[in-house]
Amino acid sequence: MKKELFANPDLCTGCNRCTIACSAKKEGVFQPSKARLRVTNFPLRGYSVPNICFQCPKANCLEACPTTAMFRDGSGVVRVNRDLCSGCGSCVSACPYGMVEQDAKGIPYKCDLCEGDPVCVKECHAEALVHATGDAALFQLKAAQMKTRPQSGTPLEKRHKIAETLKRSSRG
Amino acid sequence: MNLYMGKMLVVDLSAKTVTTEPLRADWAREYWGAWGLALRYYTDAVSPEVDPLAPENVVVLMTAPLCGTLVPLASRMCLVSKSPHTGTIFESNVGGSFGPELKYAGYDGIIIKGRAEAPVFLKIDDDLVTIECAEHMTGQGIFETEKLMEAAMGAHGAKTLAIGPAAENMISYSMIGSESYRQFGRGGTGALFGSKNLKGVVCRGTGGVAVADMAKFLERTDHYTRNDLLCDDNLWAKTDGTPILVEVTNEMGIHPTRNYTKGFNGRKETLNSDAIQAAKLGNRACASCPMACGKFTRVNSAEIEGPEYETLCLGGSNCEIHDLEAVIRFNRLCDDLGLDTMTCGSTISLAMEMTENGVHNFNLRFGQVDEYLKVVYEIATLSTERGRDLAKGAKHLADKYGATDLSMEVKGLEMPAYEPRGNFGMGIAYATSERGACHLRAFPIFATDPHDIDALVTEVVNAQNANSIKWSLGFCDFWGTINTSIEADLMSTGLGEPVSAEELDQAGERIWNLSRLFNLATGFTAADDTLPKKIMERPLEAGPHEGRVFSRADLSRALQSYYELRDWSARGIPSSRKLATLGLDKTTL
Ligand code: SF4
Ligand code: SF4
Ligand code: SF4
């Protein structure tokens, strides 16, 4: 069975080591705003949600792509071929989880699971991120996170909406 | 530029202008960041006799070079100004993620001058920086103010600094809050903002922090994280956080109880780490920190990130409050209204002792929860006579009612939660700190012999120097095993130019001496390097150090050897030889 990335908001401390590390790897500088996962913090309620790309089995980002720039590779990861991208941004609005964004040139970037060796997981000392084949508990977590699917808004707004829902069910 | 952003934001609230200026590279090489660099900017900008709350006073907020990177526990930022509470030079620092965000927005620090005509907040949206109207936030607590500023930014997740009503009322121990439960806690940082009519700062930064060689930098960071930070000496922060100190200090007999009457609390179990763990919902961390020492707790309907050790003791034991829910409520009120829990707790315990001794009836008694919680609001809002009395802090309260033998402060700053009679090292640390009684300059509680003055003096001097550079590089106290070799290696790798441990050592000493020069120039003398009367005269009750005092004779012996070791005169003035070695001989202070 293939390994997947799972997030557990109840364990997340809001440290952002994952986003700092992801940006270092992908952008060569420490720049969390460009990370391929994001953390939504609710400090007053002591809650944080790591927003991750689920490499959806039925991926809206991929389906929305009018060219073949978005594709699924052999390991199931949804990736972007920059050379084929027209910069239309359809994938950005299509992802209900706010996990695709565009760079300065309009080319989208998203999580590629770091060639099967996720840096974010390595830096998460709280075990809020795990890379595993998954068990019932992890799949349940994932299902809960994938349930809220905002259809409109910026990626930031979508992530925030999902995180709000998760916070409410955990903190009341 | 590597590690630094190379730019300072200069905000003049009187002139309503926001400008930027290049970071002074020459100062950065001598003072490095955060505390040191803010101190250098500050001493250049004001004259020592400045009134802290006058528009002429300046507030410097400064991040540190490793802040915003993956280096763990390095995201703290410092505020330096003259304190309205002590009148000394004052450094206060905060964790969380405002510091990193400010760097991502492109600035190493902010220099705030003048006074706005009406309440304003500062909005930093990358390079778009504006001064905005804050009239609608007036009177709001910190939590609501942060929410309103975030909304004004129009983006969830913007980072904030905010003040509450206590700071608007310029209470000398009001603080600046950040992300709800983090603070520039001590010395009246909030009143500084309040005096400038500055309700807060909201920041969003989308840029990045660069290093010379990313692969090597990540390798060194990982190496020290695994082989030094995440080792037995430091892991208490991850498992327990500061509440572990409740058991530690009780066992040592240095746990302040009943306004520093006793060194041991017989009912410590209600507020110790086990009690916190039982109430815990989750762990919380500052940016880039794998420890997550913050414990988010809930008891009944009261929730908070905390309480931390100082609050558990000064708002708990020391007021003989043994109820975790009450301490959480006290803590939350302080965090929202904008009061330093340490000074607030200590001032309340003083009023309790004065009431019980018949000095003056404040209707506050040890162990009485209702009035203890009520008075916090009265202090912050200045709404009652006793609230106005307590709002001035322990020193003024004791002076007003002739109870100077009961007030537990040094240079006007209320003592932290470590009893100096049981550990002389803490006494030496309190007496010699530039900002008054403080545990963040030296922390010799683990000394082999807690009463060996000579050994403790040496330990205090070394720790003060080491912490001066540690705070200047933005490191958190809880990387207890870090040293200037590790710091120098990380700095060298990040900057791409050699930095030596020796120059960092010297910078620490430079910062300490420059602070001293500032205090001397404001009129402080060796006579102010002292301890509360109770510590010097009244024997400690309960615990292993029962019967001890830290006598005047012992203190003067300690100070004599302290000054000698620092190469200061018998009157506590740095020698010209020492100043020349540190490159401080040309300072105008
Ligand atoms: S980017 Fe969004 S839609 Fe595409 S695979 Fe990831 S989560 Fe699914
Ligand atoms: S797996 Fe890699 S690309 Fe994806 S979020 Fe984690 S670090 Fe970033
Ligand atoms: S590294 Fe882990 S604990 Fe820290 S923010 Fe990311 S997911 Fe949360």
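Refer to the structure printed above.
Residues numbered from 1 in each chain as written. Chains lettered and ligands numbered in written order. Predicted model: local features only at pLDDT ≥ 70, side-chain atom pairs only at ≥ 80, totals over all residues. Heavy atoms only, no water.

K.L.:
Even after reading the chapter, I still don't get the sheet that holds strand S4 (residues 77–82) of chain B, so can you show me in this structure?
P.N.:
Whether parallel or antiparallel, the strands of a sheet pair through hydrogen bonds between backbone atoms. All names here are of chain B. The strand order S2-S1-S6-S3-S4-S5 describes an open sheet built from six strands, whose pairing is mixed. Of all the strands in the sheet, just strand S2 (17–22) and strand S5 (89–94) have a single pairing partner and so form its edges. Neighbouring strand axes in the sheet, compared pairwise and without regard to direction, differ in orientation by 20 degrees on average. Taken together, the four bridges between strand S3 (residues 59–62) and strand S6 (residues 109–113) define a ladder with antiparallel strand orientation. The partner of Val59 across the bridge, within S6, is Ile112. Strands in contact with helix H2 (residues 34–45) are strand S1 (7–12), S2, S3, S4, S5 and S6; relative to S4, the strand with the most contacts, it is inclined by about 30 degrees. (Pairing = 2+ DSSP bridges. Helix = DSSP H or I, 4+ residues; strand = E, 2+ residues; numbered from the N terminus. Axes fitted to C-alpha atoms, helices over the stretch in contact; angles between N-to-C directions. Contact = heavy atoms within 4.5 Å.)

K.L.:
Help me understand the nonpolar core, please; the structure alone is not making it clear to me.
P.N.:
Generally speaking, soluble globular proteins have nonpolar side chains that are buried together. With 173 residues, the main nonpolar core has Trp32, Leu339, Ile348 and Tyr372 of chain B as its most contacted residues. Among all residues touching Tyr372 of chain B, those that are not within four sequence positions of it are Gly315, Cys319, Ile321, Ala326, Val327, Phe330, Ile348, Met352 and Leu364 of chain B. (Core = buried A, V, L, I, M, F, W, Y, C linked by side-chain atoms within 4.5 Å. Buried < 20%, exposed > 50% of the residue type's maximum accessible area, 1.4 Å probe, protein only.)

K.L.:
Help me out: how do you make sense of the site of ligand 2 in this one?
P.N.:
Taken together, Cys22, Lys26, Arg36, Leu37, Cys111, Asp112, Leu113, Cys114, Pro118, Val119 and Cys120 of chain A make up the full set of residues near ligand 2. When the residues that make up the shell around ligand 2 are grouped by side-chain class, the tally is eight nonpolar, no polar and three charged. (Near = heavy atom within 4 Å. Nonpolar A, V, L, I, M, F, W, Y, C, P; charged D, E, K, R; others polar.)

K.L.:
Looking at this structure, how should I read the interface of chain A and chain B?
P.N.:
Interface size is commonly expressed as the accessible surface area that is lost when the partners come together. If you look at the interface, chain A gives 29 residues, while chain B gives 41 residues. Interface area, chain A with chain B, both sides summed: about 2700 Å², of which 56% is carbon and sulfur. We note a salt bridge from Arg45 of chain A to Glu303 of chain B, for which the minimum N-O separation is 2.6 Å. The interface formed by chain A and chain B contains 16 residue pairs in polar contact (both at pLDDT 80 or more). (Buried area = accessible area lost by both parts, 1.4 Å probe. Salt bridge = Lys/Arg side-chain N within 4 Å of Asp/Glu carboxyl O. Polar contact = N/O pair within 3.5 Å; in protein donor to acceptor, adjacent residues only side chain to side chain.)

K.L.:
Help me understand the packing of helix H12 (residues 324–337) of chain B against helix H13 (residues 341–356) of chain B, please; the structure alone is not making it clear to me.
P.N.:
Each pair of packed helices gets described by two things: the angle between the helix axes and the distance between those axes. Residue and element names in this part refer to chain B. Interaxial distance between H12 and H13 falls to 10 Å at its minimum, and their mutual angle equals 125 degrees. As judged from the angle between their axes, H12 and H13 are oblique. When you trace H12 past H13, the crossing you get is right-handed. Counting all contacts with H12, which are made through Phe330, Asn331, Cys334 and Asp335, the residues of H13 involved are Thr341, Cys344, Gly345 and Ile348. Considered class by class, the residues forming the contact of H12 with H13 number four nonpolar, three polar and one charged. (Parallel < 35°, antiparallel > 145°, perpendicular 65-115°, else oblique. Left-handed = near helix turned anticlockwise from the far one by under 90°.)

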